[in-house]
Amino acid sequence: NIESNKKIFFGDLSLKLPIDFKKDNFTGLEKLFRDVKGEPYSITVIEKILDEIDLITITEQFESVKANVIEEVISDKINLIFQIEDTEKLFVEKINIFGNNITNENVIRNQLLLDEGDPYNQILSKKSINNIKGLNFFKSVKSEILEGSNPETKILNIEVEEKATGEISAGAGVGTSGGTVMFGVKENNYLGKGIALNTNLGISDTKIKGLFSVTNPNFRNTDREINTTIESSTLDYMTLSGYKSTRTGFSLGTSFEQYDDLFVSPKISTYYEKISTSSNASENKQKQQGDYFETLFTYGLTVNKLNQNFQPSEGFRSTFSQTIPIYSADDVTLEHVINAEKYLTYAENLVFSAKLYAKAVNSINEDVRVSKRAFIPSRRLRGFTAGKVGPIDGGEFIGGNYASALNLTTDLPIMNEVQSIDFNFFFDAANVWGVDYSELIDDSKLRTSTGVGVDWFTPIGPLTMSLSIPLTKEHTDETESLRFNIGTSF
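Let me sum up the structure you'll find in this document.

What counts and what doesn't
- Residues numbered from 1 in each chain as written.
- Predicted model: local features only at pLDDT ≥ 70, side-chain atom pairs only at ≥ 80, totals over all residues.
- Heavy atoms only, no water.
- Helix = DSSP H or I, 4+ residues; strand = E, 2+ residues; numbered from the N terminus.
- Buried < 20%, exposed > 50% of the residue type's maximum accessible area, 1.4 Å probe, protein only.
- Contact = heavy atoms within 4.5 Å.
- Areas by Shrake-Rupley, 256 points an atom, 1.4 Å probe, with all protein chains shown as cover.
- Salt bridge = Lys/Arg side-chain N within 4 Å of Asp/Glu carboxyl O.
- Pairing = 2+ DSSP bridges.
- Phe/Tyr/Trp six-rings, centres within 6.5 Å; stacked < 30°, edge-to-face > 60°.
- Axes fitted to C-alpha atoms, helices over the stretch in contact; angles between N-to-C directions.
- Polar contact = N/O pair within 3.5 Å; in protein donor to acceptor, adjacent residues only side chain to side chain.
- 1 Å grid on protein atoms, 1.4 Å probe; cavity = no way out; pocket = protein on both sides within 12 Å on 5 of 7 lines; lining within 4 Å.
- Points joined across faces, edges and corners; volume = space filled by probe spheres on them.
- Nonpolar A, V, L, I, M, F, W, Y, C, P; charged D, E, K, R; others polar.
- Core = buried A, V, L, I, M, F, W, Y, C linked by side-chain atoms within 4.5 Å.

### Quick look at the overall build of the chain
In step 1: Helix and strand counts for the chain come out as 6 helices and 26 strands.
In step 2: Every one of the 490 residues in the chain was classed for burial, and the buried ones make up 39%.
In step 3: A sequence separation of at least 24 residues applies to 56% of the contacts in the chain between residues at least 6 apart.
In step 4: For the chain, the accessible surface area stands at approximately 26,900 Å², while carbon and sulfur atoms represent 54% of it.

As structure tokens, then:
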């Protein structure tokens, strides 16, 4: 028999600090206390407060602290006192790692936030284990804290169980315009060094694109990521609108944390492109026929306040990037991109996310080259065929000078008892507009769609599927109701 009890609400929430702690460091926490006062009691809120205390104590270098909660229930309200106390200062004597038969030990140690000789901190120890799990190289990661050779030291034992880190993936989209297929092979832990190799090929009626990339997340133990990419793509609209583009090039970039949670990502890339046209091409495309060689500099600034990079549930991340030509013989095109995402947990572990995408492409001396125009990425506008929305010239979707998208997603409480299947409900809104060489063919109508998605870890590999319904569209847009991807490991 289950008997309901009266609902409890948050009453007064307060913080009790040691005498040598500065109260100014905890102003954000006190604001959180004010926000939740009067709200229904939730264990999720308590965990959020404790996580905030953990974050503050790490930021302010309070190595040895613990937090206790004192509860007082009066009628239908619960008063809470969060008491932070200094604990006995202990030190890490030794860290042992077991079970890594393939992965180099230094790859694992690079994820640790504490080292031998450091003051022992339980918060940093747990975050280190989560970092190792986030590598996605191991089936399981277990840790054990043992007493050291004297009462003031601890020994941390970490045991990992390795798993296959190679991935073979295939994807397809089915819609009103036909189909698209994708195939890729990826190795996330090449030679046990944590190096990621990625190659993929995408084919549609009018486009072929291939890519090969190598990413070293800790180049020569500098904590800096080095990535190299070689790619080639062909857009063939010769039959439809008399134009074909072939673009080949490579890039070399790095990424590092300049300040706390602020990451910088500079990159140098070089491309050769050839544009061919026929008599069916418009006058503007015929003017752009020829060979192009250019060297570009791209930089990105990222603020990352997510609680975790893998499947985040709280926090936000925003990125601004800009591409500037270093050398370009014919056109000088500037590209600006903004990506922002926000995650919020509500109703006991249900996650809501909001993502924003915006892109602007403008040329200083000429019209933007047809192959550089802005399009909406396929994952940003489900329910529509990728690249088949927006302005049309001569029967061809030419993209625009500007593109933007908003994506709202929330989990659905369906089959929660099955941990390998996640359902979500989404709403997408996007637009492509601006044609610098002609105002007559501009298209600024908002496209929207809604639907459900499924993420399923099947016995043969992960399956991602979405079923979408367009809500607003132009009659020229090409829709795609079903999209799925499936992969396996080796």
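That covers the picture; the talk isn't over yet.
### Notes on the pattern of salt bridges
In step 1: Summed over all chains, the structure comprises 20 salt bridges.
In step 2: Across the pair Glu161 and Lys139 runs a salt bridge whose closest N-O atoms are separated by 3.9 Å. With Glu161 in strand S6 (residues 153-162) and Lys139 in strand S5 (residues 138-147), the pair connects residues that are 22 residues apart, well separated along the chain.
In step 3: The class for Glu161 is partly exposed, based on a relative accessible area of 38%.
In step 4: Taken together, the salt bridges that share partners define one network made up of Arg247, Glu273, Glu294, Arg369 and Lys372.

### Observations concerning the pairing of strand S15 (residues 315-328)
In step 1: Two strands pair when backbone bridges link them, and strand S14 (residues 290-304) and S15 are joined in this way by 11 bridges, in the antiparallel orientation. Bridged to Tyr299 within S15 is Gln322.
In step 2: Taken together, the 9 bridges between S15 and strand S16 (residues 333-346) define a ladder with antiparallel strand orientation. Within the sheet, the bridge partner assigned to Gln322 lies in S16 and is His336.
In step 3: The loop that links S15 with its antiparallel partner S16 comprises 4 residues.

### Quick look at the packing of aromatic side chains
In step 1: For the coordinates displayed, the defined rule picks out 7 aromatic pairs.
In step 2: Judged by centre distance (6.3 Å) and plane angle (55°), the ring pair of Phe293 and Tyr327 falls under tilted. With a gap of 34 residues between them, Phe293 in strand S14 and Tyr327 in strand S15 connect regions that are remote in the sequence.
In step 3: Look at Phe293 and you get partly exposed, because its relative accessible area is 43%.
In step 4: Looking at Tyr327, the relative accessible area reads 45%, which means it is partly exposed.
In step 5: For the pair Tyr402 and Trp433, a centre-to-centre distance of 5.7 Å together with 25° between the ring planes defines the contact as stacked. Of this pair, Tyr402 sits in strand S21 (residues 402-412) while Trp433 sits in strand S22 (residues 421-433), and the two are 31 residues apart along the sequence.
In step 6: Residue classification places Tyr402 among the partly exposed positions, given a relative accessible area of 31%.

### Thoughts on the pairing of S14
In step 1: The pairing of strand S13 (residues 262-277) with S14 spans 14 bridges and is antiparallel. By the bridge assignment for S14, Lys267 is matched with Thr298.

### Brief notes about the sheet that holds S6
In step 1: On the basis of which strands lie adjacent, the open sheet formed by 3 strands has the order S4-S6-S5 and mixed pairing. A strand with exactly one partner marks an edge of an open sheet, and here the two such strands are strand S4 (91-98) and S5. Strand-to-strand twist of the sheet, defined as the mean angle between neighbouring strand axes without regard to direction, takes the value 15°.
In step 2: Across 7 bridges, S4 lies against S6 in parallel orientation. Each bridged residue has a counterpart across the sheet, and for Phe91 the counterpart in S6 is Thr153.

### Some points on the side chain of Asn304
In step 1: Within the fold, Asn304 resides in strand S14.
In step 2: Polar side-chain contacts of Asn304 include one of 3.0 Å to the backbone nitrogen of Leu306.
In step 3: Not counting chain neighbours up to four residues away, the residues in contact with Asn304 comprise Asp261, Phe263, Asn309, Phe316 and Arg317.

### What about empty space enclosed by the protein?
In step 1: This structure, assessed with the given rule, holds 1 cavity of 30 Å³ or more.
In step 2: Each pocket or cavity is described by its volume, and for the largest cavity that value is around 40 Å³.
In step 3: Surrounding the largest cavity, Ile376, Pro377, Ser378, Leu381, Phe384, Thr385, Ala386, Gly387 and Val389 form its lining.
In step 4: When its residues are assigned to classes, the lining of the largest cavity shows 6 nonpolar, 3 polar and no charged.

### A look at the side chain of Arg373
In step 1: Examined against the element boundaries, Arg373 turns out to sit in the loop between strand S17 (350-363) and strand S18 (383-384).
In step 2: At 3.1 Å, the side chain of Arg373 and the backbone oxygen of Val368 are in polar contact.
In step 3: One polar contact links Arg373 to Asp436, side chain to side chain, over a distance of 3.0 Å.
In step 4: Sequence-distant contacts of Arg373, that is, excluding residues within four places in its chain, are made with Val368, Ile398, Gly399, Gly400, Asn401, Asp436 and Tyr437.

### Some remarks on the nonpolar core
In step 1: Counting residues in each nonpolar core, the largest one holds 18 residues, and the members touching the most others are Ile95, Ile108, Ile132, Phe138, Val141, Ile158 and Val160.
In step 2: Those residues in contact with Ile132, other than ones at most four positions away along the chain, are Ile108, Gln111, Leu112, Phe138, Val141, Ile158 and Val160.

### As for the environment of Ala405
In step 1: Looking at where Ala405 falls in the secondary structure, it is placed in strand S21.
In step 2: Judged by relative accessible area, which is 2%, Ala405 ranks as buried.
In step 3: Through-space distance from the C-alpha of Ala405 to that of Arg380 is 6.4 Å; in sequence the pair is 25 residues apart.

Take it as geometry only, folks, not as evidence of what the structure does.
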